[in-house]
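Residue strings, one per chain:
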There are 2 protein chains.
Amino acid sequence: MAEAYASRRHRLRERNTAGGPAAALISRPANVRYLTGTAPPGAVLLLGESEDDGDGEGGNGDLLVCAHPPSGRPDEGRPDETLLTKTLPDPGGDPAVTAAGIAAARGTDALAVEEHHLTVARHRALRTVAPGLRLTDLAGAVEQLRLIKDEEEIGCLRIAAEIADQALSELLESILVGRTERHLALELERRLVDHGADGPAFATSVGTGPHAGLGEHRPTDRRVEEGDFLSVGLGASYRGYRCEIGRTFVIGTSPADWQIELYDLVFAAQRAGREALVPGAACRDVDRAARQILESAGHREGLPPRIGHGVGLENDEDPQLAPSAMGKLDACVPVTVEPGVHLPGRGGVRIDDTLVVRPEADGGPELLTITTKELLAL
Amino acid sequence: MAEAYASRRHRLRERNTAGGPAAALISRPANVRYLTGTAPPGAVLLLGESEDDGDGEGGNGDLLVCAHPPSGRPDEGRPDETLLTKTLPDPGGDPAVTAAGIAAARGTDALAVEEHHLTVARHRALRTVAPGLRLTDLAGAVEQLRLIKDEEEIGCLRIAAEIADQALSELLESILVGRTERHLALELERRLVDHGADGPAFATSVGTGPHAGLGEHRPTDRRVEEGDFLSVGLGASYRGYRCEIGRTFVIGTSPADWQIELYDLVFAAQRAGREALVPGAACRDVDRAARQILESAGHREGLPPRIGHGVGLENDEDPQLAPSAMGKLDACVPVTVEPGVHLPGRGGVRIDDTLVVRPEADGGPELLTITTKELLAL
């Protein structure tokens, strides 16, 4: 794994050298983790101008600057052993300011920073500590590197998906009627942890009856009743990688006709979205494939603003599968496909999978979240 | 409650007019919530130059600009009904940019922004949409207003403390030996929700045996054993207000001598900290009062960097009770007092209360977290 991190830093340095300063200050936690294996709170990566470690701070190599030492906990990740680390004596200090000072002391001319992450105040503090250092914008360079996942990353996503599938399937074996949305959510989160997740990827969504079919529904004390739609959305985090799944069920022995009809419609839309996942496909076309099925059936209100999004070290990454999205899909890009229809006062259906885009010759997209999408009456 | 929010906005406007632009853009979520009653994700408050609502956007009054409409959920809070709200048609837009555009359209000259919150990129976007608008730094003006809590806020903190106390006392009635740190933490969090919390204020800390006595210990699969110290740190959020409590117990019938000695020491340090909470006291002196008891007993390593901190709409607010803190306490400022000693490989003790500073004539600090601090053998 250490080679992977060093290799990513190398790729970033090469990309930088092509268009601007080679040296960079990475501060967004997911980006720090991507490049080093860990992201203790507040830690920054000083990407050096060369591979040369020299003598630690005096060299030109990479340096992880932390306010607190890396804990090595599984959820926080372990730092790449080849990477030099510096922990500030005062945990109240700003590692970014320290890193800028080190860059200046090394004689670095220019430093690219993440202007979409650093606050105006912190940026000013960097300029104050290193007035001779020209600060430029790294923009989304690391996010762009993160788009295409390697097999190790996909392996973590597979495990996260298995964990979420297991937690969900165990819940479905238990009694649901009479239980509150909150309790079901807490139960799911407990099972995620039991099955080896670092933790839930995000606040578990459980909505029953009129709450079903919403994209993000914070669980309430409403109890599951016979005849309800029940929608569940959950995600597991495993070694920092986050996978999500969403399913909708009917409570009781016989779904109503309107429920079957709505479920079949959302299922068809979600399938169309999945089948549109092909390397080279335009992201907006994947959204269109699913959305048009829902719109053709007369649903224009209550549709989600986007049909899906990328996942990885963050719950919500590029690419966006949305009507206004630019860009195309590549192989080895993991995305969600999560259309839904919510009818105020009645409820609705939402079906969410995480898949990895694969070449058609390899059998099309790899489905990570394998819990059945057949409409289950529970 | 609506008068309270309007009154806070008025106070902020008055404070601003004294030293700079009257108009301001508030973007930090806790600050938005403090001034409006709610903070949907991404929402910003445009604090107008006057109280005059005029005709909505055309007037000079206050405007809450949201990417998503306020949900009204208890954990998110409800907006002040007297406040005008604008929801962007595109949830992907930046409410701060929209707000700056509105300010410019109103003919506002200068707008104070929260430079410790806005990123460089967002700040640049504001300048792009409103090039004639002079942007200044609001700095911590809202945080300063938030320091002293009114009785309604203290009421919420009292309830949050009761909820945390209840969750903890129920856990103590159950069997602890053999259970993992993780399960105990999840159990506590479930009980917080059962007793009416919006949710846990932060990730519950449970450490047993060698993990006990650490300030923040992410629960592991280690099981509670006879003879262990068991340290628990949890917090409840109620209507956005966050209270915390920490206690340490011994598992089994008879604590060892070293355990009793260490517990008595930390108890004495914590009591000294609590007793130093007097209006007008220097924050660093409160830290000193607790810290010197621990240092005199020979503990210099493994002490926390600060003895306590403020609480309110955020888990961790000013004032800081730390060696380098400037500033003094005022009445109606809620703080934690949470010294601890951790002995690597052996464990330790941490005792944490939330109290409200009160005049000595009123009986000294008001203790919110009333779970006994007597050493319990469980």
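Being a predicted model, the structure only gives us computed values, none of them experimental.

## Concerning the sheet that holds strand β1 (residues 24–26) of chain B
Residue and element names in this part refer to chain B.
Now for step 1: Pairing is mixed across the open sheet formed by 6 strands, whose spatial order is β4-β3-β2-β1-β5-β6. Every other strand in the sheet has two partners, leaving β4 (84–87) and β6 (134–137) as the edge strands with one partner each. Strand-to-strand, the axes of this sheet are offset by a mean angle of 25°, without reference to chain direction.
Now for step 2: Pairing between β1 and strand β2 (residues 44–47): 3 bridges, direction antiparallel. Considered in β2, the bridge of Ala-24 is made with Leu-47.
Now for step 3: Strand contacts of helix α2 (residues 29–36): β1, β2 and β3 (63–66), with the helix running at about 55° to β2, the strand carrying the most contacts.
Now for step 4: Together, β1, β2, β3, β4 and β5 (110–113) form the strand contacts of helix α3 (residues 95–105), whose direction differs from that of β2 by roughly 15°.

## A few points about the interface of chain A and chain B
Now for step 1: Taken together, the contacts link 23 residues of chain A with 23 residues of chain B.
Now for step 2: Looking at the side of chain A facing chain B, the largest losses of area belong to Glu-115, Val-120 and Arg-218 of chain A, adding up to 28% of the total buried there.
Now for step 3: Close ionic contact of Glu-115 of chain B with Arg-124 of chain A constitutes a salt bridge, the shortest N to O distance being 2.3 Å.
Now for step 4: Between the two partners, chain A and chain B, sit 10 residue pairs in polar contact (both at pLDDT 80 or more).
Now for step 5: For the side of chain A that touches chain B, the elements supplying multiple residues, two or more each, are α4 (120–129) and α7 (181–194) of chain A.
Now for step 6: If one sorts the elements of the side of chain A that touches chain B by residue count, α7 of chain A sits on top with 6 residues.
Now for step 7: Looking at the side of chain A that touches chain B, its residues break down into 8 nonpolar, 5 polar and 10 charged.

## With respect to empty space enclosed by the protein
All names here are of chain A.
Now for step 1: Summed over the entire model, instances satisfying the criterion amount to 2 cavities of 30 Å³ or more.
Now for step 2: Counted as a void, the largest cavity has a volume near 50 Å³.
Now for step 3: The wall of the largest cavity is formed by Ser-205, Gly-207, His-211, Gly-213, Leu-214, His-217, Ser-231, Val-232, Gly-233, Arg-247, Thr-248 and Arg-350.
Now for step 4: Residue assignment for the lining of the largest cavity shows that the elements contributing at least two residues are β8 (205–208), β9 (229–238) and β10 (241–250).
Now for step 5: In terms of residue class, the lining of the largest cavity is made up of 2 nonpolar, 8 polar and 2 charged.
Now for step 6: Quantified by volume, the second largest cavity comes out at close to 30 Å³.
Now for step 7: Lining the second largest cavity we find Ala-23, Leu-46, Leu-47, Gly-48, Glu-49, Asn-60, Arg-106 and Thr-108.
Now for step 8: Broken down by class, the residue content of the lining of the second largest cavity amounts to 3 nonpolar, 3 polar and 2 charged.

## Notes on helix α1 (residues 2–19) of chain B
All names here are of chain B.
Now for step 1: The terminal C-alpha atoms of α1, which comprises 18 residues, lie 27 Å apart, in line with the 26 Å expected from a rise of 1.5 Å per residue.
Now for step 2: The set of residues buried in α1 consists of Ala-2, Tyr-5, Arg-8, Arg-9, Leu-12, Arg-13 and Asn-16. Buried residues in α1, looked at end-on, bunch into an arc of 135°, giving them a common side. Facing away from the buried side of α1 by more than 90 degrees, the exposed set consists of Glu-3, Glu-14, Thr-17 and Ala-18.

## Some thoughts on the packing of aromatic side chains
Now for step 1: Within the structure shown, the criterion is met by 2 aromatic pairs over all chains.
Now for step 2: Seen in terms of ring centroids, Phe-229 of chain A and Trp-258 of chain A are 5.5 Å apart; in terms of plane orientation they differ by 85°. Their pairing is edge-to-face. Of this pair, Phe-229 of chain A sits in strand β9 while Trp-258 of chain A sits in helix α8 (residues 257–275), placing them 29 residues apart in sequence.
Now for step 3: The residue whose ring lies beneath Arg-346 of chain A is Trp-258 of chain A, and the NZ or CZ to ring-centre distance is 4.0 Å.
Now for step 4: If you follow Arg-8 of chain B out to its NZ or CZ, it ends over the ring of Tyr-34 of chain B, 4.1 Å from the centre.

## Some details on the layout of surface pockets
All names here are of chain A.
Now for step 1: Empty space within the second largest pocket amounts to approximately 390 Å³.
Now for step 2: The wall of the second largest pocket is formed by 18 residues, among which Met-1, Tyr-5, Gly-37, Arg-78 and Arg-239 lie closest to the centre.
Now for step 3: Those elements that provide at least two residues to the lining of the second largest pocket are α1 (2–19) and α6 (151–172).
Now for step 4: Among the residues making up the lining of the second largest pocket, the classes are represented as 8 nonpolar, 2 polar and 8 charged.
Now for step 5: Split by domain, the lining of the second largest pocket shows at least three residues from each of two domains, domain 1 (2–146) and domain 2 (151–367).

## With respect to the pattern of salt bridges
All names here are of chain A.
Now for step 1: Taken as a whole, this structure holds 62 salt bridges over all chains when the rule is applied.
Now for step 2: A salt bridge links Asp-316 to Arg-306; the shortest N-O distance between them is 2.8 Å. With Asp-316 in the loop between β11 (308–310) and β12 (317–321) and Arg-306 in the loop between α9 (283–296) and β11, this pair connects stretches of sequence that are 10 residues apart.
Now for step 3: Here Glu-338 and Arg-350 are joined by a salt bridge, their closest N and O atoms 2.5 Å apart. Of this pair, Glu-338 sits in the loop between β13 (334–337) and β14 (340–343) while Arg-350 sits in strand β15 (residues 347–350), and the two are 12 residues apart along the sequence.
Now for step 4: A cluster of three or more residues bridged by salt bridges with shared partners is formed by Arg-28, Glu-143, Arg-146, Lys-149, Glu-314 and Glu-317.

## Regarding the confidence of the model for chain A
Now for step 1: Per-residue confidence for chain A gives a mean pLDDT of 93, with 98% of residues at or over 70.
Now for step 2: Two summary scores accompany this predicted model of the complex, namely pTM at 0.92 and ipTM at 0.89.

## Comments concerning the sheet that holds strand β3 (residues 63–66) of chain A
Residues and elements named next belong to chain A.
Now for step 1: A sheet is described by the order of its strands in space; here 6 strands give the open sequence β4-β3-β2-β1-β5-β6, paired in mixed fashion. The open sheet has two edge strands, β4 (84–87) and β6 (134–137), and neither has a second partner. Sheet twist, expressed as the mean angle between neighbouring strand axes with direction ignored, is 25°.
Now for step 2: Sheet topology places strand β2 (residues 44–47) next to β3; 3 bridges connect them, and they run antiparallel. Note on β3: the bridge partner recorded for Leu-46 is Leu-63.
Now for step 3: Here helix α3 (residues 95–105) sits on the sheet and contacts β1 (24–26), β2, β3, β4 and β5 (110–113); the angle it forms with β2, its principal contact strand, is near 15°.

## Points about the pairing of β3 of chain A
All names here are of chain A.
Now for step 1: Residues Leu-63 and Val-65 of β3 are buried on one face, and the alternating residues Leu-64 and Cys-66, pointing to the opposite face, are buried as well.
Now for step 2: Of the strand pairs in this sheet, β3 and β4 are connected by 4 bridges, and their pairing is parallel. Looking at β4, one finds that Cys-66 is bridged to Thr-87.

## Some words on the environment of Ser-237 of chain B
Residue and element names in this part refer to chain B.
Now for step 1: Counting through the fold element by element, Ser-237 comes out in strand β9 (residues 229–238).
Now for step 2: Relative accessible area serves as the criterion here: at 4%, Ser-237 is assigned to the buried category.
Now for step 3: A sequence separation of 60 residues divides Ser-237 from Val-177, and the C-alpha atoms of the two residues are 28 Å apart.
Now for step 4: Filtering out sequence-adjacent residues up to four positions away, Ser-237 remains in contact with Ala-197, Asp-198, Gly-199, Pro-200, Ala-201 and Arg-242.

Parameters and conventions
- Residues numbered from 1 in each chain as written.
- Chains lettered and ligands numbered in written order.
- Predicted model: local features only at pLDDT ≥ 70, side-chain atom pairs only at ≥ 80, totals over all residues.
- Heavy atoms only, no water.
- Pairing = 2+ DSSP bridges.
- Helix = DSSP H or I, 4+ residues; strand = E, 2+ residues; numbered from the N terminus.
- Axes fitted to C-alpha atoms, helices over the stretch in contact; angles between N-to-C directions.
- Contact = heavy atoms within 4.5 Å.
- Buried area = accessible area lost by both parts, 1.4 Å probe.
- Salt bridge = Lys/Arg side-chain N within 4 Å of Asp/Glu carboxyl O.
- Polar contact = N/O pair within 3.5 Å; in protein donor to acceptor, adjacent residues only side chain to side chain.
- Nonpolar A, V, L, I, M, F, W, Y, C, P; charged D, E, K, R; others polar.
- 1 Å grid on protein atoms, 1.4 Å probe; cavity = no way out; pocket = protein on both sides within 12 Å on 5 of 7 lines; lining within 4 Å.
- Points joined across faces, edges and corners; volume = space filled by probe spheres on them.
- Expected span 1.5 Å × (residues − 1).
- Buried < 20%, exposed > 50% of the residue type's maximum accessible area, 1.4 Å probe, protein only.
- Arc of directions from axis to C-beta.
- Phe/Tyr/Trp six-rings, centres within 6.5 Å; stacked < 30°, edge-to-face > 60°.
- Lys NZ or Arg CZ within 6 Å of the ring centre and 35° of its normal.
- Domains from an automatic or database assignment.
- pLDDT = per-residue confidence, 0-100.

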